[in-house]
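Structure at a glance
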Amino acid sequence: MYPSMTDVRDVPQWRGGLASHGDTEDNNNPCNRLLPFPKLSLGQRSLLSHVLGLEERAAAARENRLCAAGDALLACHRSYKSRPTHGIGKFKYLLPKELPKRRKEKVQMKEINAGTEYQYGDINIQMTSYDLCLVEHFAQYVHRLCNRLSIRVNESYAMPTKTNEVLFLEEKGSKMQLDAVLTTHQRVVQICGLSSTFAPILLEIIQSSQPEGVHLLMKQHTEADFKSRLKSRPELEELLAEMS
Amino acid sequence: MAGHCGARAMAAPLARRAAGSARWVCSAAARRPWRLFGAMCLLRLPRITQPLEKEEEEMAALMEQIELEKSLYSDHEMRKLEEEEQLKRKMESLYDEDEARGKTVVMAQDLEEKWEQMFLRFKAAPRITDADKSNDRMSLNRKLDSNLMLLVKQKIGNQELWLLPQVEWQPGETLRSTAERAMATFLGDRIQAKVLGNAPYGIYKYKFPRAIRTENNVGAKVFFFKAFLQSSDLSQAELKADYLWVTKKELGDYLKSEYLKKVNRFLLDL
């Protein structure tokens, strides 16, 4: 619109110090720049504001000579030790000291099975199926049911999947082998603190809402169950055998 | 010993779901005016799932679609895609080097067709059995998708009533064994039923009519226990001829209203 509005020489060159065409306040006052050009289109105005922004930053950075070299858009607000805002974002010193965790497996806790309260200890509800989505959704349902009934759920975990290959040997003329690969998925929900008066009711609810294709098993938690989740270390066992 | 046994069984708080208000205050009287009975509610669990409601079906379809879209290709599907590409390449450019390899391998498409054939040959058992059609209430094959329970005709006082099998409690045994004995008297010894838990599920108490009532015999209390039938064939002869297997909805045809109310409280019909 007004081609003569912004002259290249008017834009301060931000290269190693300020442009030489005048360090006076007049030139750097933003208001002075705006006055000669009352009617501006949006594009021109944005260009001007860009120019003025550069000037303001230039003004601030002149105090700080150290970042004079660099790009025009570099924000120079680094907190140095002399600045009052030094260390403003630190918070780790406020947190309690964390001791390094020891890598040791906890042995399971066993509760009294039949006491005066008639409570069961840890019980595992194991759900097995070939269909992954089904068994996962059912495990979620059982977990939420226990939450709603205020039964404490210790853990809810999955056992590793087992893959079975099914081979059909057809003897109709030529011997053919049809393969089918079946994966068995197992989910376990561990609850604790089930009273013996409520246990049969819970079992009945879970039994009646069992979907088809899912095997349900409720048993008490034993050490063997706990160990089955851990991986065996053959080298360690070999070394132990050699030692003893 | 006898009184203590009975008192202890009664003092165990009945579970939340079964009877909200029944809390027994154990008054240690040696001789009680109530006669105790143990009754067994024998349930045959459903063998097939119930048909889905309309909303359930829509939900199931939606979930299946979501799962399908979120899932990754399985081995079989990857193999199928690769073989399709190989076929296309063969058609277009007529490679001869693939021939030596390709002929002996069974294609994934062939496998699928074989499986389709096997599936079509499979015939599922009917959901509605003959017993359903003839409404034979004495057979166990009826209503495969709901719980069936045993009702027996018993003589109480002068009347012949349809009841859950019950037997009087003898001093010196627990109420649960009374209920098991009741089951054994009506169905023979070799019944394979599993009782879960020692606590009764419900209680029905009634007072005898004025004519029979005495100082020591005010009325009777019937404690209900639940058992699940494990094996579905009852080849042993029934000792009492009048028995029925009914669902919860059909109970109303046979039981008296007060009795029915108490029984319905602990019957779960999901």
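See the structure printed just above.
Only a predicted model underlies this, so the values are computations on that prediction, with no experimental measurement involved.

1. A closer look at the environment of B:Asp136
- As for its position among the elements, B:Asp136 is in the loop between helix H6 (130-134) and strand E2 (148-156).
- Separated by 108 residues in the primary sequence, B:Asp136 and B:Leu244 have C-alpha atoms spaced 9.1 Å apart.

2. A look at unusual backbone geometry
- Positive phi is not limited to glycine here, since A:Ser150 has a value of about 55 degrees.
- Turning to its location among the elements, A:Ser150 is positioned in the loop between helix H4 (132-148) and strand E2 (152-172).

3. Overview of the pairing of strand E1 (residues 34-44) of chain B
Residue and element names in this part refer to chain B.
- Among the 11 residues of E1, 9 are classified as buried, and the element is accordingly described as predominantly covered.
- Where E1 lies against strand E7 (residues 219-229), 10 bridges are found, and the strand directions are parallel. If you follow Leu36 over to E7, its bridge partner there is Lys221.
- As defined by bridge partners, E1 adjoins strand E4 (residues 166-168) across 3 bridges and the pair is classed as antiparallel. Paired with Phe37 across the two strands is Glu168, which belongs to E4.
- Alignment of E1 against E2, held across 2 bridges, turns out to be antiparallel. Looking across to E2, one finds that Leu43 is bridged to Met149.

4. A word on the nonpolar core
- Residues A:Met127, A:Ile191, A:Leu202, B:Phe224 and B:Leu251 are the most contacted members of the largest nonpolar core, which totals 51 residues.
- Residue contacts for A:Leu202: discarding those within four places in its chain leaves A:Leu145, A:Leu149, A:Ile151, A:Ile191 and A:Leu194.
- B:Leu36, B:Met40, B:Val152 and B:Trp169 belong to the second largest nonpolar core, which has 22 residues in total.

5. With respect to a nonpolar patch on the surface
Residues and elements named next belong to chain A.
- Nonpolar side chains collect at one region of the surface, where Phe91, Tyr93, Leu94 and Leu95 lie side by side and expose about 490 Å² of accessible area between them.
- Relative to the helices and strands, Leu94 is located in the loop between helix H3 (42-63) and strand E1 (119-129).
- By relative accessible area, Leu94 is classed as exposed at 61%.

6. Overview of the environment of A:Arg229
Residues and elements named next belong to chain A.
- In this structure, Arg229 sits in the loop between helix H6 (223-228) and helix H7 (234-243).
- Here the alpha-carbon distance between Arg229 and Tyr157, two residues 72 residues apart in the chain, equals 9.7 Å.
- When near neighbours in sequence (up to four residues on either side) are disregarded, Arg229 contacts Glu155, Tyr157 and Met159.
- Only 3.4 Å separates the side chain of Arg229 from the side chain of Glu155, close enough to count as a polar contact.

7. Details of the packing of aromatic side chains
- Enumeration according to the criterion identifies 8 aromatic pairs over all chains in this entry.
- Judged by centre distance (5.6 Å) and plane angle (75 degrees), the ring pair of B:Trp162 and B:Tyr254 falls under edge-to-face. Of this pair, B:Trp162 sits in strand E3 (residues 159-163) while B:Tyr254 is found in the loop between strand E8 (243-246) and helix H8 (257-265), placing the two residues 92 residues apart along the sequence.
- Accessibility expressed as a relative area gives 22% for B:Tyr254, which makes it partly exposed.
- Measuring from centroid to centroid gives 5.4 Å for B:Phe224 and B:Phe266, while their planes differ by 35 degrees, and the two rings are tilted. Taken as a pair, B:Phe224 in strand E7 and B:Phe266 in the segment after H8 lie far apart in primary sequence, 42 residues in all.
- Residue B:Phe266 is classed as buried on the basis of its relative accessible area of 6%.
- A connected cluster of aromatic rings, assembled from ring pairs, spans B:Tyr201, B:Tyr204, B:Tyr206, B:Phe208, B:Phe224, B:Tyr259 and B:Phe266.
- Over the ring of A:Tyr157 we find A:Arg229; its NZ or CZ atom is 3.5 Å from the centre of that ring.

8. Description of the side chain of B:Gln154
Residue and element names in this part refer to chain B.
- Here Gln154 lies in strand E2.
- Judged by relative accessible area, Gln154 falls into the buried class, the value being 8%.
- Each residue touching Gln154, except ones within four places of it in the same chain, is listed here: Gln159, Glu160, Leu161, Leu163, Leu164, Pro165, Gln166 and Phe186.

About the thresholds
- Residues numbered from 1 in each chain as written.
- Chains lettered and ligands numbered in written order.
- Predicted model: local features only at pLDDT ≥ 70, side-chain atom pairs only at ≥ 80, totals over all residues.
- Heavy atoms only, no water.
- Helix = DSSP H or I, 4+ residues; strand = E, 2+ residues; numbered from the N terminus.
- Buried < 20%, exposed > 50% of the residue type's maximum accessible area, 1.4 Å probe, protein only.
- Pairing = 2+ DSSP bridges.
- Core = buried A, V, L, I, M, F, W, Y, C linked by side-chain atoms within 4.5 Å.
- Contact = heavy atoms within 4.5 Å.
- Patch = residues over 30% accessible without salt bridge, like charges linked within 9 Å, V, L, I, M, F, W, Y side chains within 5 Å.
- Areas by Shrake-Rupley, 256 points an atom, 1.4 Å probe, with all protein chains shown as cover.
- Salt bridge = Lys/Arg side-chain N within 4 Å of Asp/Glu carboxyl O.
- Polar contact = N/O pair within 3.5 Å; in protein donor to acceptor, adjacent residues only side chain to side chain.
- Phe/Tyr/Trp six-rings, centres within 6.5 Å; stacked < 30°, edge-to-face > 60°.
- Lys NZ or Arg CZ within 6 Å of the ring centre and 35° of its normal.

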